[in-house]
Number of protein chains: 2
Amino acid sequence: MHRGKQSIELTNPVYIIGHASVVGSKEGEGPLGKLFDMVGSDDMFGAESWEEAESTLQKDAVYLAVKKAGLNVEDLDLIYAGDLLGQSIASAFGIKEYAIPLMGVFGACSTCGETLLLGSMAVAGGFANKVACVTSSHFASAEKEFRYPLAYGSQRPLSATWTVTGSGAFVLASQQKNGGETEDQCDQQMNACKCGKPDAMIVGGTIGRVVDFGLKDSFNMGACMAPAAADTIFNHFQDFQRTPEDYDKIITGDLGNVGQKILIDLLREKGFDISQKHMDCGMEIFNPDKQDTHAGGSGCGCCASTLSALILRNIKEGEWKRVLFVPTGAWFSKTSYNEGKAVPAIAHAVVIEQV
Amino acid sequence: MHRGKQSIELTNPVYIIGHASVVGSKEGEGPLGKLFDMVGSDDMFGAESWEEAESTLQKDAVYLAVKKAGLNVEDLDLIYAGDLLGQSIASAFGIKEYAIPLMGVFGACSTCGETLLLGSMAVAGGFANKVACVTSSHFASAEKEFRYPLAYGSQRPLSATWTVTGSGAFVLASQQKNGGETEDQCDQQMNACKCGKPDAMIVGGTIGRVVDFGLKDSFNMGACMAPAAADTIFNHFQDFQRTPEDYDKIITGDLGNVGQKILIDLLREKGFDISQKHMDCGMEIFNPDKQDTHAGGSGCGCCASTLSALILRNIKEGEWKRVLFVPTGAWFSKTSYNEGKAVPAIAHAVVIEQV
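In this text, all values refer to a predicted model and were calculated from it rather than measured experimentally.

1. Description of the overall build of chain A
Stage number 1. A count of helical and extended segments in chain A gives 12 helices and 16 strands.
Stage number 2. Taken over the C-alpha trace, chain A has a radius of gyration of 18 Å; the compact-globule value for 355 residues is 20 Å, and the two agree within 12%.
Stage number 3. If you take every contact in chain A between residues at least 6 apart in sequence, the share linking residues at least 24 apart comes to 78%.

2. Some thoughts on the domain arrangement of chain A
All names here are of chain A.
Stage number 1. Per the domain assignment, the segments of chain A are domain 1 (14–192) and domain 2 (200–353).
Stage number 2. Between the C-alpha centres of domain 1 and domain 2 the distance comes to 18 Å.
Stage number 3. Contact residues are listed per partner, giving 47 residues for domain 1 and 54 residues for domain 2.
Stage number 4. Residue assignment for the side of domain 1 that touches domain 2 shows that the elements contributing at least two residues are β2 (7–23), α1 (25–28), α4 (111–124), β6 (130–137), α5 (139–146), β7 (162–163) and β8 (166–173).
Stage number 5. Of the residues belonging to the side of domain 1 that touches domain 2, the class tally is 23 nonpolar, 19 polar and 5 charged.

3. Considering the interface of chain A and chain B
When the parts come together, some accessible area is lost, and that loss is often what is quoted as the size of the interface.
Stage number 1. Taken together, the contact pairs 52 residues of chain A with 52 residues of chain B.
Stage number 2. Among the secondary structure elements, those contributing two or more residues to the side of chain A that touches chain B are α3 (89–95), β5 (102–104), α4 and α12 (334–338) of chain A.
Stage number 3. Tallying contributions element by element places α4(A) first for the side of chain A that touches chain B, with 5 residues.
Stage number 4. Residues of the side of chain A that touches chain B, tallied by class, amount to 28 nonpolar, 15 polar and 9 charged.

4. Side note on the relation of the copies chain A and chain B
Stage number 1. Superposition record for chain A on chain B: RMSD 0.0 Å, screw rotation 180 degrees, translation along axis 0.0 Å. Expressed as a symmetry operation, the mapping of one chain copy onto the other fits a two-fold axis.
Stage number 2. A shared binding surface is used by both copies, with 100% of the interface residues of chain A retained as interface residues in chain B.

5. Considering the nonpolar core
Stage number 1. A:A65, A:I79, A:A132, B:A65, B:I79 and B:A132 are the most contacted members of the largest nonpolar core, which has 244 residues in total.
Stage number 2. Ignoring any residue separated from it by four or fewer positions in sequence, one finds A:A65 in contact with A:G18, A:H19, A:A20, A:A132, A:A169, A:F170 and A:V171.

6. Quick notes on the confidence of the model for chain A
Residues and elements named next belong to chain A.
Stage number 1. Across chain A, pLDDT averages 93, with 94% of residues at or above 70.
Stage number 2. The low-confidence segment residues 185–191 (pLDDT under 50) makes 7 contacts with residues lying over four places distant or belonging to another chain.
Stage number 3. As a predicted assembly, this complex carries a pTM of 0.95 together with an ipTM value of 0.95.

7. Side note on the pairing of strand β13 (residues 322–326) of chain A
All names here are of chain A.
Stage number 1. The element β13 is extensively covered by neighbouring structure, given that 4 of its 5 residues are classed as buried.
Stage number 2. Sheet topology places strand β10 (residues 249–252) next to β13; 4 bridges connect them, and they run parallel. Across the sheet, the residue bridging to I250 is L324, located in β13.
Stage number 3. As paired strands, β13 and strand β16 (residues 349–353) are joined by 4 bridges and run antiparallel to one another. Across the sheet, F325 pairs through a bridge with V350, a residue of β16.

8. Details of the environment of A:D289
Stage number 1. Relative to the assigned elements, A:D289 resides in helix α10 (residues 288–291).
Stage number 2. For A:D289 and A:Q155, which are 134 residues apart along the polypeptide, the C-alpha to C-alpha distance reads 17 Å.

9. Describing unusual backbone geometry
Residues and elements named next belong to chain B.
Stage number 1. A positive phi is found at Q87, a non-glycine position, where the angle reads about 60 degrees.
Stage number 2. Here Q87 lies in the loop between β4 (78–82) and α3 (89–95).
Stage number 3. When the 28 C-beta atoms within 10 Å are taken as the criterion, Q87 is described as buried.
Stage number 4. Here H294, not a glycine, exhibits a phi torsion of approximately 55 degrees, which is positive.
Stage number 5. In this structure, H294 sits in the loop between α10 (288–291) and β12 (297–298).

10. Describing helix α8 (residues 256–269) of chain A
Residues and elements named next belong to chain A.
Stage number 1. With 14 residues, α8 should reach 20 Å at 1.5 Å per residue; the first-to-last C-alpha distance of 20 Å fits that figure.
Stage number 2. Turning to α8, its buried residues number three or more, namely G256, V258, G259, Q260, I262, L263, I264 and L267.
Stage number 3. Elements in contact with the buried residues of α8: α7 (221–240), β10, β11 (278–280), α9 (281–284) and β12 (297–298).
Stage number 4. Remark: G271 follows α8 within two positions and exhibits a positive phi of approximately 95 degrees.

11. Some remarks on the environment of B:K59
Stage number 1. Relative to the helices and strands, B:K59 resides in helix α2 (residues 50–68).
Stage number 2. Along the primary structure B:K59 and B:S167 are separated by 108 residues, whereas in three dimensions their C-alpha atoms are 9.1 Å apart.

12. A few points about the packing of helix α2 (residues 50–68) of chain A against α5(A)
What describes two packed helices is the angle between their axes and the distance between those same axes.
Residues and elements named next belong to chain A.
Stage number 1. Axis separation between α2 and α5 bottoms out at 8 Å; the angle between their running directions is 130 degrees. Of the possible angle classes, the one that applies to α2 and α5 is oblique. α5 is crossed by α2, and the crossing has left-handed handedness. On α5, the residues that touch W50, E51 and E54 of α2 are A140, S141 and K144.

13. Topic: α2(A)
Stage number 1. A rise of 1.5 Å per residue sets the reference length of α2(A), with its 19 residues, at 27 Å; its end C-alpha atoms lie 27 Å apart and thus fit the reference within 8%.
Stage number 2. Phi for A:G70, located one or two positions after α2(A), is positive at around 75 degrees.

14. Considerations on the environment of B:S305
Residues and elements named next belong to chain B.
Stage number 1. With respect to the helices and strands, the residue S305 is situated in helix α11 (residues 300–316).
Stage number 2. Sequence separation between S305 and V23 is 282 residues; the distance between their C-alpha atoms is 7.4 Å.
Stage number 3. Other than its neighbours up to four places away in sequence, S305 contacts S21, V23, E27, F36, V164, G166, S167 and G168.

Rules of the game
Residue indices follow the written sequence of each chain, beginning from 1 at its first position. A letter from A marks each chain and a number from 1 marks each ligand, given out in the order of writing. Where totals are concerned, whole chains, interfaces and linings use all residues; where local detail is concerned, this predicted model gives features only for residues with pLDDT of at least 70, and gives and counts side-chain atom pairs only at 80 or more. Comment: elements are numbered from the N terminus, with helices defined as DSSP H or I runs of at least four residues and strands as E runs of at least two. Only C-alpha atoms enter the radius of gyration; for comparison, a globular chain is expected to reach 2.2 Å times N to the power 0.38, where N is the number of residues. Think of it this way: build a C-beta for each residue from its backbone, and any pair within 7 Å is a contact. Start and end positions for the domains come from either an automated domain assignment or a database one. Classification convention: Asp, Glu, Lys, Arg as charged; Ala, Val, Leu, Ile, Met, Phe, Trp, Tyr, Cys, Pro as nonpolar; all other residues, Gly among them, as polar. Least-squares fitting of one copy onto the other uses the C-alpha atoms of those residues that reach a pLDDT of at least 70 in both copies. A set of buried Ala, Val, Leu, Ile, Met, Phe, Trp, Tyr and Cys residues, joined through C-beta atoms within 7 Å, is what we mean by a nonpolar core. Three exposure classes are used, based on other C-beta atoms lying within 10 Å of a residue's own C-beta, which is placed from the backbone: buried for 20 or more, exposed for 12 or fewer, and partly exposed in between. One confidence number per residue, pLDDT, is output by the predictor and ranges from 0 to 100. The pairing criterion for strands is at least two bridges between them, as found by DSSP. The span expected for a helix works out to 1.5 Å for each residue beyond the first. To obtain each axis, a line is fitted to C-alpha atoms, and for helices this fit is confined to the stretch in contact; angles are then taken between N-to-C directions over 0 to 180 degrees. What sets the label is the angle itself: under 35 degrees gives roughly parallel, over 145 gives roughly antiparallel, 65 to 115 gives roughly perpendicular, and the rest give oblique. Whether a crossing is left-handed or right-handed is set by the direction in which the near helix is turned from the far one by less than a right angle, anticlockwise for left-handed and clockwise for right-handed.

Below you can see the structure in the form of structure tokens.
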């Protein structure tokens, strides 16, 4: 049901019954390296171009997520997919192999949150029984799309983020898994769980609006996106009459360390202190000191792979009971940038709880 | 509810309570010219760039649609928006002015159908009370995004389509209009109806999947998209156990005259003859003999503006009782094209009925 100004509440929760992460070699060397389901030995993933490699990431992530849910791809009624490339080609060329109905989605790096909200609405509304949500990014295809040729070797300021090569896929359903193995085995083999217990559930969310603070620095996306994250989180608290205390973690997508400070400041001005609860996927996925990634990781694949590898694991293990997952996106394009436009942003919030 | 393999059925119909079209000067000179709500005197719409002009198209279309529904923009809970440009900048920069929650959507020229299906699911599922769906295209921004600089003056083969400069917006709700004026007045002033009767209703649809016939000709989008349209229409017939006889019109988005022939042939091979029922928005919007538009109009704005100006008018006037509206999209990007990829396509079908 609709709740408050810009939120939805799922009176019957939607279960995440399978999920998977596939990442590149650099992400595999980072702090979360051992948690990902699949790490590429190089970043081409057997493909002939970076864009095709990104398509492969999505294809593999969906396949693994579906298998971990004890299903086959043909069991899916619908896939929501998105990426950062022009005309979302990573998604279209990746997902076409499966011949499953596709809803293409674009919300820049917030797309993971958007697909989860759309997928939840489709399941909760009874329009689909099994839905997959998948997003991806690839460092090299993103640099080609948005910035310079890699061979140019341009210097990056410290506020810049590093686009994650990765994809995360999530299978949503109104019912629990079909089961098979026991829950004991499940606890031992978290990454290949086939027991009847879903990994987590989505109980609501807040749909973001485009927020434009007039910032134009394409090497400081964190600052561009923090106002949008603050707007969505603030409106989420209003719509649900909650405070940061109601969450074990409030997790943004890819603000990085520059955006994090701004977000905390902006919400403090509005009366909410999230400093003890906040975590940013972009700050978890790399080790900036050792990996030269500056402000953190970014891209559609950053929060998606972190959600699968780290966040859902912690929720399933009971470490966190309720999390506000807030992917953040910056509306940045070569064309708008070259025409002198600012970088507006958006953030969508998803409430994920332990089952 | 979910129906068949890839369809949804709305047991409680979703009403289209307001809609509007805004187009450029060439479209205003075409056969539908007098039916559009607003025709620009030039194609810049007071903006400084073509992309900004396209954003203005969306902004104006939403404003007019909302007003014709007897509402204000603030009454909207949610907007689904999309366009053809990289990172959907026409939508983001256009819709940001309204500060309404935004779901960005990308399905190439099928996006109008995708937004209507997503919007219908949001309303029918009770997740939003009032939703706007808007899509746009602009001849000049599309040429810049996909083909050559306009000044290059390249020759176009006869199979090429002409990207429509236009936008169509639709306001969806579960309830009928608030009313005000009488139905008599409504009949006289079709374009400014304020009576209690909605313009039409959406009762279901079929979500398309990506279909790739391996065609690579960027100047023959009709041929690339026809197999996707055939796939969706065929599966629609299967899922609903219907035939062409159940529809007054089966209306594709922008196949043009080349794609039309292929679609009719493909469906005939599968046992359905739609030749007497088929209409294509791209073939309605221009006069190819006088306007040098070759195979027809195309773009996200083509079927959206035709739906508002022509199709919904005919439905409201009772000429057509039930229409299958099938926007078609081709997954074409500079990058995939330059890498030698084919042009996969998708089509989404929406069942629109007289109230």
